[in-house]
Amino acid sequence: MKIKVLLLSIAVCAALNIVAQVPAPADTDSILPPSTEAVTPAPPVIPEAQQPPHQGDNRMLTSVILIVLLLAAVGGVLAMFHRQNTREINALRDEIDALRADADKANALIDENIKTLNAKIEATKQALQQKQSREAKPQAAKPTFAPCQFLSRADVNGVFGRAADHIEPGNSFYELNTTDGVHGTFHVIDAPDVHQLALMMPTQNITGACDGENIHTSAGMKRIVTDKEGTAVMKDGKWHITSKSLIHYEP
C-alpha cells in the first residue's frame, strides 16, 4: 500500500514538473522599443499562411495530454486500491463467517449442556420430593404391647396375676403370644426348671390354667407336655382365660 502511494506521488510530481517547463508565449504587444532617438525599421510583413503555429496552443495540448495521463495513473492506482480492498474485505468476511460458525457450534453445545443440567436438576428435585413425601408419611405406630409375654399362675377365676416381657424365675409359668394385644394363645413354658417348680404344687401352679388326665397328681413326673394351647383375652389390663390348655405329664 505504501509503495502504491509513493508511485502515485512520483507520477503527480513528474506531471507538474513537465507542465512547469513549458515556456509561456511572448507578449509582443508589451515590448517597448529601446529609448533611442533612432527609429528602428519595421520588420517585413510575413503572410498569415506562412506564420508558425502559436506556442500557446502547443502548451494547452501538452497540458491536456499530461492531465489525461495523470488521471489515467490515478485511476489505475485507485483500481489497484479497490482490488486490494476487495480482497481484504472478502478475507475479513470469510473470517467473520468462520467465527460465526464456531459461535453457533459453541451455542449449540452450551444449549445441550444446559438441557442436560436441567434434566439432572429435575431428577434430583423429584428424588428429594419423593424422599420428603416418604418421610412426611406418618410412621406406623409401634405396638404398645409385647407380642410375647410370660405369665404367672392363674387364680381360681382363670385370671393370670402378672405378665412380663421376659421370664421371671420362680414366677413365670406360661408363655403367651399375641398379634393385637387383645387376643392370645398360651402354653406352659418348655423349660426344665419351670416344669420342676410347677410339678411341685400342680394344684396351685397348673390346674388354674390347664386341663388333663390326672394333672392333680404329679409324683414321679418330670416333664409337662402341651397337647393344645389355651386362649385368653385382655380385659382391664389382665389376661383372662377363655379356654384352658390341655396337657399331660411325662416321667
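Quick notes on the rules
Numbering of residues starts from 1 in every chain and runs along the sequence as written. At least 70 in pLDDT is required for a residue's local features to be given in this predicted model, at least 80 for side-chain atom pairs to be given and counted, and no such filter applies to totals for whole chains, interfaces and linings, which use all residues. Think of the side-chain values as coming from all heavy atoms in the structure, minus any hydrogens and water. Nine residue types can take part in a nonpolar core, namely buried Ala, Val, Leu, Ile, Met, Phe, Trp, Tyr and Cys, and a core is a set of them joined through side-chain atoms within 4.5 Å. A 1.4 Å probe rolled over the protein chains alone gives each residue an accessible area, and that area as a share of the maximum for its type sets the label: buried under 20%, exposed over 50%, partly exposed in between. Counting from the N terminus, the helices are DSSP H or I runs at least four residues long and the strands are E runs at least two residues long. For this analysis, residues touch if any pair of their heavy atoms sits within 4.5 Å. The salt bridge criterion pairs a side-chain nitrogen of Lys or Arg with a carboxyl oxygen of Asp or Glu, the two atoms within 4 Å. DSSP calls a pair of strands paired once it identifies at least 2 bridges connecting them. Along the arc lie the directions from the helix axis toward the C-beta atoms.

(A) A look at the nonpolar core. Of all hydrophobic cores here, the largest spans 24 residues; its most connected members are Phe160, Tyr174, Phe186, Ile206, Ala209, Ile224 and Ile247. Counting residues per element, the ones that place at least two in this core are β1 (148-151), β3 (174-178), β4 (183-188), α3 (192-200), β8 (238-243) and β9 (245-250). Among the elements that take part in this core, α3 stands out by supplying three residues, more than any other. Among residues more than four places away in sequence, those in contact with phenylalanine 160 are Leu151, Ser152, Arg153, Ala154, Tyr174, Phe186, Ala209, Lys238, Trp239 and Ile241.

(B) Focus on the pattern of salt bridges. What the rule picks out here adds up to four salt bridges. A salt bridge links glutamate 168 to arginine 162; its shortest N-O distance comes to 2.8 Å. Of the charged contacts in the structure, one is a salt bridge between glutamate 250 and arginine 223, with a shortest N-O distance of 3.1 Å. Of the two residues, glutamate 250 sits in strand β9 while arginine 223 sits in strand β6 (residues 223-228), which places them 27 residues apart along the sequence. With a relative accessible area of 29%, glutamate 250 lands in the partly exposed category.

(C) Representation of the sheet that holds β3 within the structure. Ordered in space as β2-β1-β3-β4-β7-β8, the six strands form an open sheet in which the pairing is antiparallel. With one partner strand each, in any of the chains shown, β2 (163-164) and β8 form the two edges of the open sheet. Examined bridge by bridge, β1 and β3 share four bridges and lie antiparallel to one another. Paired with glutamine 149 across the strands is leucine 176, a residue of β3.

(D) Representation of α3 in the model. Three or more residues of α3 are buried, namely Val194, His195, Ala198 and Leu199. For α3, the arc enclosing every buried residue in end-on projection is 120°, short of the 170-degree limit, so these residues lie on one face. The outward face of α3, more than 90 degrees from its buried face, is lined by the exposed residues Pro192, Asp193, Gln196 and Met200. Taken together, the buried residues of α3 touch β4, α4 (202-205), β6 and β9.

(E) Spatial organisation of the side chain of histidine 187. Structurally, histidine 187 can be placed in strand β4. Not counting the four nearest positions on each side in its chain, histidine 187 is found in contact with Phe173, Tyr174, Glu175, Asn177, Thr226 and Glu229.

(F) Focus on the pairing of strand β7 (residues 230-235). Where β4 and β7 come together, four bridges link them in antiparallel fashion. Residue histidine 183 lies in a different strand from β7, and its bridge partner there is valine 233. With five bridges joining them, β7 and β8 adopt antiparallel strand pairing. The residue bridging methionine 234 from the neighbouring strand is tryptophan 239, located in β8. Hairpin geometry of β7 and β8 is characterised by an intervening segment of two residues between the two adjacent antiparallel strands and by a positive phi of about 55° at aspartate 236.

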